[in-house]
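Observations on chain architecture
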Amino acid sequence: PLSLMLSLLGFRGGPVYLAPVSSPKDIVELPGLRVTVDKLVYQPDQGVPDRPHCFIYFITIRNDSEVTVTIKARKWVVTADNGEVTAVEGDGVVGQFPELPPGESFSYNSFHLLDSAVAVAKGSYLGVDENGRRVITRIPPFELRVPDLA
C-alpha cells in the first residue's frame, strides 16, 4: 500500500496529499511556432557588482502554424563556463501575454546579467493554442561571451 511505500522512502507520520501533476505528454511542440535570436549586444556599463556582464538579447517568436497561440510563460536556462546553472521561470514575456494569430510574430528585448565571461543561454516558451492545447517552442541555445576589449 501507499503508506508502506512512503515509509520506505523515509516519510514519517502526518497527512499525505497527492495531486495530479501535468505530464510532459500534455504539452506538444507546435510545428510552425518558432523562436529566433535576432541580435545579442554586450553592454559592459550596465552590470551590477556581483554580475558585471550584461547581455541584451533581441528575440522574435513567430507563429507560422494554423492556430492562434497565446504565450503564457517562459523558462530560461543559463549555463556558465564554470558549470553553474541558473534557471529562470516566469509568467508571460516581458510582462505581456502575446497572442499570436497565424502568420504573426512578437519581438522584444531583455537581458541576462552574468558573473561569468562566457555562458550559454537556452530555454522555451509555453503557450496555449485556440483549442486549449498546451504548446511549447524552444529558444535555441546561444553563446554569451564577453568580447576581447583589448
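This text goes with the structure placed above it.
Quick summary incoming for the structure in this document. (Residues numbered from 1 in each chain as written. Predicted model: local features only at pLDDT ≥ 70, side-chain atom pairs only at ≥ 80, totals over all residues. Heavy atoms only, no water.)

If you check the backbone angles, Val94 has positive phi at about 40 degrees while not being a glycine. Inspection of the secondary structure assignment puts Val94 in the loop between strand E5 (85-91) and strand E6 (99-100). Residue Val94 is classed as partly exposed on the basis of its relative accessible area, which comes to 40%. (Helix = DSSP H or I, 4+ residues; strand = E, 2+ residues; numbered from the N terminus. Buried < 20%, exposed > 50% of the residue type's maximum accessible area, 1.4 Å probe, protein only.)

Now for the packing of aromatic side chains. In this structure the tally under the stated criterion is six aromatic pairs. With a centroid separation of 6.4 Å and an interplanar angle of 85 degrees, the aromatic rings of Tyr57 and Tyr108 are classed as edge-to-face. With a gap of 51 residues between them, Tyr57 in strand E3 (residues 53-63) and Tyr108 in strand E7 (residues 105-114) connect regions that are remote in the sequence. Overall, the relative accessible area of 3% leaves Tyr57 in the buried class. Overall, Tyr108 belongs to the buried group, its relative accessible area being 9%. Residues Tyr57 and Phe142 carry aromatic rings whose centres are separated by 6.2 Å and whose planes lie at 55 degrees to one another, so their mutual orientation is tilted. Residue Tyr57 is located in strand E3, and its partner Phe142 is located in strand E9 (residues 134-145); the two are separated by 85 residues in the primary sequence. Of the two residues examined, Tyr57 and Phe142, each falls in the buried class. (Phe/Tyr/Trp six-rings, centres within 6.5 Å; stacked < 30°, edge-to-face > 60°.)

In this section: the side chain of Asp129. Residue position: Asp129 is located in strand E8 (residues 118-129). Reaching out from Asp129, the side chain makes a polar contact with the side chain of Arg133 at a distance of 2.9 Å. Those residues within four positions of Asp129 in sequence are excluded, and the remaining contacts are Val67, Thr68, Val69 and Val135. (Polar contact = N/O pair within 3.5 Å; in protein donor to acceptor, adjacent residues only side chain to side chain. Contact = heavy atoms within 4.5 Å.)

Reading across the sheet, the three strands line up as E2-E3-E7 and stay open at both edges, with antiparallel pairing between neighbours. Lying at the two open borders of the sheet, with one neighbouring strand each, are strand E2 (33-42) and E7. Neighbour-to-neighbour, the strand axes of this sheet turn through a mean angle of 25 degrees, independent of strand direction. (Pairing = 2+ DSSP bridges. Axes fitted to C-alpha atoms, helices over the stretch in contact; angles between N-to-C directions.)

What the rule picks out here adds up to six salt bridges. The shortest N-O distance in the salt bridge between Arg145 and Glu143 comes to 3.1 Å. What makes Arg145 partly exposed here is its relative accessible area of 47%. By sharing partners, the salt bridges in this structure join Arg34, Arg62 and Asp64 into a single network. (Salt bridge = Lys/Arg side-chain N within 4 Å of Asp/Glu carboxyl O.)

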